[in-house]
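Structure assessment
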Amino acid sequence: MKATSSAVIDPAAGYAYFGTNTIPGIVVRVDLATFSRAGALTMEAGENALTSAAIDPAAGYAYFGTATSPGIVVQVDLATLTRVDALTLNTGEDYLASAVIDPAAGYAYFGTDTAPGIVVQIDLAAFTRVDGLPLQGGENNLRCAAIDSITGYAYFGTNTNPGHVVQVDLITFSRTGALTLEIG
């Protein structure tokens with residue numbers, strides 16, 4: 001099997017889920033108690049290279065983003081380890097390299113590996129694309145992300161030199177600032 005490129009964990013259920021960098025992508029379930037492979041799910045044709053992931057354990061779903069053009073978000077039922085649905089994003093919303101989720105608000109956000117980067121908002125209840133937020137020039141290749149659901153902000157890190165951390169207000173779905181990371 002090729003390399004894994006995304007992962008999520010449900011500690012209460014005792015499983016972790018790893019997305020592979022294969023064609024098509026595969027989700028591998030790992031039983032944490034026995035540290036053993038506990039199943040796998042192969043995606044459909046075109047759902048390649050699962051490079052980002054987010055999980056909503058309370059709802060029982062994980063969402064895997066693909067490194068395709070355009071990007072695809074695949075919804076997986078964790079109890080049955082089955083593919084529920086897939087959502088193809090808009091042209092230019094390519095190569096989903098990062099993801100965060102705010103289950104209480106009902107949204108997931110996927111960052112693209114493009115120039116400039118785009119943050120795509122997904123409504124989890126309807127499983128639809130709500131909006132895309134293109135960032136500014138130089139805020140490219142959104143390879144990592146973190147969310148502070150208490151304050152309503154997400155932070156996307158760029159794979160640039162120097163790196164940038166871009167702050168996104170999730171309430172207004174707007175870019176509110178960026179921090180340039182200096183070496184030293």
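Structural data are supplied above this passage.
Reference entry: report on the structure contained in this document.

The rules we used
Residues numbered from 1 in each chain as written. Predicted model: local features only at pLDDT ≥ 70, side-chain atom pairs only at ≥ 80, totals over all residues. Heavy atoms only, no water. Helix = DSSP H or I, 4+ residues; strand = E, 2+ residues; numbered from the N terminus. Salt bridge = Lys/Arg side-chain N within 4 Å of Asp/Glu carboxyl O. Buried < 20%, exposed > 50% of the residue type's maximum accessible area, 1.4 Å probe, protein only.

1. Concerning unusual backbone geometry
- With an omega dihedral of -10 degrees, the bond running from Ile23 to Pro24 counts as a cis peptide bond.
- With respect to the helices and strands, the residue Pro24 is situated in the loop between β2 (15-20) and β3 (26-31).
- Note that the residue after Asn161, namely Pro162, is joined by a cis bond; omega there is 0 degrees.
- Topologically, Pro162 is positioned in the loop between β14 (153-158) and β15 (164-169).
- Backbone geometry at Phe127 places phi at a positive 50 degrees, although glycine is not the residue there.

2. Here's the deal with the pattern of salt bridges
- Under the defined criterion, the tally for this structure stands at five salt bridges.
- Arg83 is the salt-bridge partner of Glu44, the closest N and O atoms lying 3.4 Å from each other. With a gap of 39 residues between them, Glu44 in the loop between β4 (36-42) and β5 (50-56) and Arg83 in strand β8 (residues 82-88) connect regions that are remote in the sequence.
- Using a relative accessible area of 44% as the deciding quantity, one classes Glu44 as partly exposed.
- Among the residues examined, Arg83 registers a relative accessible area of 24% and is labelled partly exposed.
- A salt bridge links Glu139 to Arg175; the shortest N-O distance between them is 2.7 Å. Separated by 36 residues along the polypeptide, Glu139 in the loop between β12 (128-134) and β13 (142-148) and Arg175 in strand β16 (residues 174-180) bring together distant segments of the chain.
- Judged by relative accessible area, which is 26%, Arg175 ranks as partly exposed.
- Each of Glu44, Glu47 and Arg83 takes part in salt bridges that share partners, so that together they form one network.

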